Amino acid sequence: MSEPLGTVMPDVQSSFDPRHIAIQRVGIRRIKSPLVLQQPDGSLQSTVGEWTLTVFLPETEKGTHMSRFAALLFEHRQTPMTIQRFQQLAVDMLPLLHAEQGDITVTFPYFMTKKAPVSEVPSLMDYQITWMAKAWRDSTEFTLTIQVPVMSLCPCSKAISEYGAHNQRSHITVELVSREAFNMDEIIRKIEHQGASELWTLLKRPDEKFVTEHSYDNPKFVEDLIRDVAAEIKGLPGLLRYKIEAENFESIHNHSAYAVIEGEV
């Protein structure tokens, strides 16, 4: 028999825990929810995010209120979200969970319109983006992670071959920690320009010719690729720390070439 509406139910999560072991992060993970992005020009882009929301649980508390995380996401499913609003969302979460610190992470596909290099035919390119906001009562820290696909072409292969050179698609993953917001479009363009060639979703034959010849004239090892990206992003305003990964999915080997650069500003 169900309880009558209005009956006071026990709040087990708020009860005392005698083990005296704090939990650094507890919450919900891999929950999908709509995300509306507000672009720098004021336009909106709708996408779907995979979210993680957690808080710090003191040693004396038995549990957190999991349902409140989902309720918070539902409340903001149509809120135009900027990086600043996302950070504020993490701050607003704390009193709902009676927490002193917490974090929100969301990973989503982000789309940019790109014109082909010769024909200028437009198409959408997608990039994997992750936002993470760590919040305390009086401050926040934001981490932006962007994965950008590019083309790389081997300088050694070009130098030793009578014609041609092996090339491959590469993923550049850049993680930036800052107390300020970034313009994602600008950072993506900065990263793309460091490849042997950029990628496009839609290319006509003149475009394919351009990409093939441009990459041949601009060969790069994975070491060249990651150093060029590092040189480009180190000067971003407000940057605290960064981590860059480059992975070339080799076309003549059954393994990848891989490099990492990390640093503080």
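These figures come from a predicted structure and were not determined experimentally.

Cut-offs and rules
Residues numbered from 1 in each chain as written. Predicted model: local features only at pLDDT ≥ 70, side-chain atom pairs only at ≥ 80, totals over all residues. Heavy atoms only, no water. Helix = DSSP H or I, 4+ residues; strand = E, 2+ residues; numbered from the N terminus. Rg over C-alpha atoms; globule rule 2.2 N^0.38 Å. Buried < 20%, exposed > 50% of the residue type's maximum accessible area, 1.4 Å probe, protein only. Pairing = 2+ DSSP bridges. Contact = heavy atoms within 4.5 Å. Axes fitted to C-alpha atoms, helices over the stretch in contact; angles between N-to-C directions. Polar contact = N/O pair within 3.5 Å; in protein donor to acceptor, adjacent residues only side chain to side chain. Core = buried A, V, L, I, M, F, W, Y, C linked by side-chain atoms within 4.5 Å. Phe/Tyr/Trp six-rings, centres within 6.5 Å; stacked < 30°, edge-to-face > 60°. Lys NZ or Arg CZ within 6 Å of the ring centre and 35° of its normal. UniProt positions renumbered as here; feature names shortened; annotations may be inferred.

Section: the overall build of the protein
Piece 1. The helix and strand inventory of the protein stands at six helices and nine strands.
Piece 2. For 265 residues, the compact-globule formula gives about 18 Å, and the C-alpha radius of gyration of the protein, at 23 Å, lies well above that figure.
Piece 3. Judged by the C-alpha coordinates and their principal axes, the protein covers about 80 × 40 × 40 Å.
Piece 4. Taking all 265 residues of the protein together, the buried fraction comes to 43%.

Section: the sheet that holds strand β6 (residues 140-153)
Piece 1. Here we have nine strands laid out as an open sheet, ordered β3-β1-β2-β4-β5-β6-β7-β8-β9, and mixed in their pairing. Strand pairing shows two members of the sheet lacking a second neighbour, β3 (80-81) and β9 (256-264), which therefore form its edges.
Piece 2. Pairing analysis gives eight bridges linking strand β5 (residues 122-136) to β6, with the strands arranged antiparallel. Residue pairing in the sheet places A133 in a bridge with F142 of β6.
Piece 3. Running at roughly 155 degrees to strand β8 (residues 239-249), helix α6 (residues 222-233) makes contact with β6, β7 (167-178), β8 and β9 of the sheet.

A word on the side chain of T47
Piece 1. Mapped onto the secondary structure, T47 falls in strand β2 (residues 44-57).
Piece 2. Engagement of the side chain of T47 in a polar contact is seen with the backbone oxygen of P109, the distance being 2.9 Å.
Piece 3. Excluding anything up to four places from it in sequence, T47 contacts P34, L35, L37, F108 and P109.

A few points about the nonpolar core
Piece 1. Ranked by size, the top nonpolar core spans 60 residues in total, and within it I129 and W131 carry the most contacts.
Piece 2. Those residues in contact with I129 that lie beyond four places of it in its chain are V106, T107, F108, Y110, L144, T145, I146, M184 and I188.

Re the packing of aromatic side chains
Piece 1. Tallied over the full model, the rule gives five aromatic pairs.
Piece 2. Seen from their ring centres, W51 and F86 are 6.3 Å apart, and the 45 degrees between their planes marks the pair as tilted. Taken together, the residues span a long stretch of sequence, with W51 in strand β2 and F86 in helix α2 (residues 83-96) at a distance of 35 residues.
Piece 3. Each ring, one from F86 and one from F142, has its centre 6.5 Å from the other, and the planes form 85 degrees; the classification is edge-to-face. A residue pair is termed long-range when its members are at least 10 positions apart, and F86 in helix α2 and F142 in strand β6 qualify at 56 residues.
Piece 4. For F86, a relative accessible area of 0% corresponds to the buried category.
Piece 5. The exposure class assigned to F142 is buried, which follows from its relative accessible area of 0%.
Piece 6. For the cation-ring pair, R77 lies above F74, with the distance from its terminal atom to the ring centre recorded as 3.8 Å.

Details of the UniProt feature "site: May be catalytically important" (unreviewed entry) in the protein
Piece 1. UniProt annotation of "site: May be catalytically important" (unreviewed entry) refers to C154 when read in the numbering used here.
Piece 2. The topology assignment puts C154 in the loop between β6 and α3 (155-160).
Piece 3. In contact with C154, not counting residues within four places along its chain, are A165, H166, P219, K220 and F221.

A short note on the pairing of strand β4 (residues 101-115)
Piece 1. Two strands pair when backbone bridges link them, and β2 and β4 are joined in this way by six bridges, in the antiparallel orientation. Within β4, the residue paired with E50 across the bridge is T107.
Piece 2. Relative to β5, β4 runs antiparallel, the two sharing 15 bridges. Looking across to β5, one finds that D103 is bridged to K134.
Piece 3. Between β4 and β5, which pair antiparallel one after the other, the connecting turn spans six residues, and E120 there sits at a positive phi close to 60 degrees.

Some details on unusual backbone geometry
Piece 1. Notably, H20 is not glycine yet its phi reads approximately 55 degrees, a positive angle.
Piece 2. With respect to the element layout, H20 can be found in the segment before β1 (23-38).
Piece 3. Non-glycine residue H98 carries a positive phi angle of around 55 degrees.
Piece 4. Looking at the element boundaries, H98 is found in the loop between α2 and β4.

What to know about the environment of E245
Piece 1. Along the polypeptide, E245 turns up in strand β8.
Piece 2. Between the C-alpha atoms of E245 and E262, which are 17 residues apart in sequence, the distance is 8.8 Å.
Piece 3. Look past the residues within four positions of E245 in its chain and what remains in contact with it is H171, I172, T173, I226, Y258, A259 and V260.
Piece 4. In terms of polar contacts, E245 uses its side chain to reach the side chain of Y258, at 2.4 Å.

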